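As a plain string of letters, each chain reads:
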Amino acid sequence: EPCVLRNVIPENFFSVFEEKYGYDVKDYLACLINPDLAVTKEQCQARIDYGKLLGELFYENFCKQLSGWCEDHRIKFGGHLNLEHRPNGGVVSAHFSHLHALRAFGVPGVDVIWDQIRYPKDGRSPLTDGSMPFFPKVAPSAAYQSGHNLALTESLGVHGEAMTHDVMRYVLNYQAIRGINVFNILMLPIDTSRLLALS
């Protein structure tokens, strides 16, 4: 679940930023650290530009480096990013765009080990924790855009005793019909009569 440290200032960041955007972001440091201080159009734009540049640096200096190493060694770079199920997950994790970052992955993925997708019994929503309904589509979209055909999920890891066949079917099918085709099913077996029997 790679992400960038929040409020990080990489080496040479200020000069790279000024060359790219044409202004000195040091004038906006307070609102970069505290979003509540970004009230003017210029302050909000500085936050956007800061996030975009961090995302580009994350892609170039982390994702593409690992992807290149994997390609050189004839293995696929697979995984997922932090908080891809939330609308603001890329901003919170400071890689700005899940879709952009995942384009470097040979097997991009999503994480559904919590309750991001759940069996909709008793009229409850199938999504929790502010999840976007389409978030599993991000991984297959990134795969398609970068010429790959595999997209993975980590699923079901912490459901524990609440796990049933209906829950498994619903959570996995919800993702399969959105393009996920590699399933890393994480379960915590207890004994042969309970969770282990579902494996």
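Located above this text is the structure these notes cover.
Just so we're clear, the structure is a prediction, and the values are computed from it rather than from any experiment.

### Side note on the pairing of strand β4 (residues 182–185)
Direction of pairing for strand β3 (residues 152–155) relative to β4: parallel, over a ladder of four bridges. Across the sheet, the residue bridging to glutamate 154 is asparagine 184, located in β4. In this fold, β3 hands off to helix α7 (residues 165–176), which returns the chain to β4; that crossover is right-handed.

### What to know about the sheet that holds strand β2 (residues 107–112)
The strands making up a sheet associate through hydrogen bonds between their backbones, and the pairing can be parallel or antiparallel. Here we have four strands laid out as an open sheet, ordered β1-β2-β3-β4, and parallel in their pairing. Of all the strands in the sheet, the pair left with one neighbour each is β1 (78–79) and β4. Each of β2, β3 and β4 touches α7; the most contacted strand, β3, lies at about 160° to it.

### Digging into a nonpolar patch on the surface
A cluster of nonpolar side chains, contributed by Ile48, Val91 and Phe96, occupies part of the molecular surface with about 250 Å² of accessible area. Position of valine 91 relative to the elements: it lies in helix α4 (residues 89–92).

Calculation notes
Residues numbered from 1 in each chain as written. Predicted model: local features only at pLDDT ≥ 70, side-chain atom pairs only at ≥ 80, totals over all residues. Heavy atoms only, no water. Pairing = 2+ DSSP bridges. Helix = DSSP H or I, 4+ residues; strand = E, 2+ residues; numbered from the N terminus. Right-handed = clockwise from strand over helix to strand, strands pointing away. Contact = heavy atoms within 4.5 Å. Axes fitted to C-alpha atoms, helices over the stretch in contact; angles between N-to-C directions. Patch = residues over 30% accessible without salt bridge, like charges linked within 9 Å, V, L, I, M, F, W, Y side chains within 5 Å. Areas by Shrake-Rupley, 256 points an atom, 1.4 Å probe, with all protein chains shown as cover. Salt bridge = Lys/Arg side-chain N within 4 Å of Asp/Glu carboxyl O.

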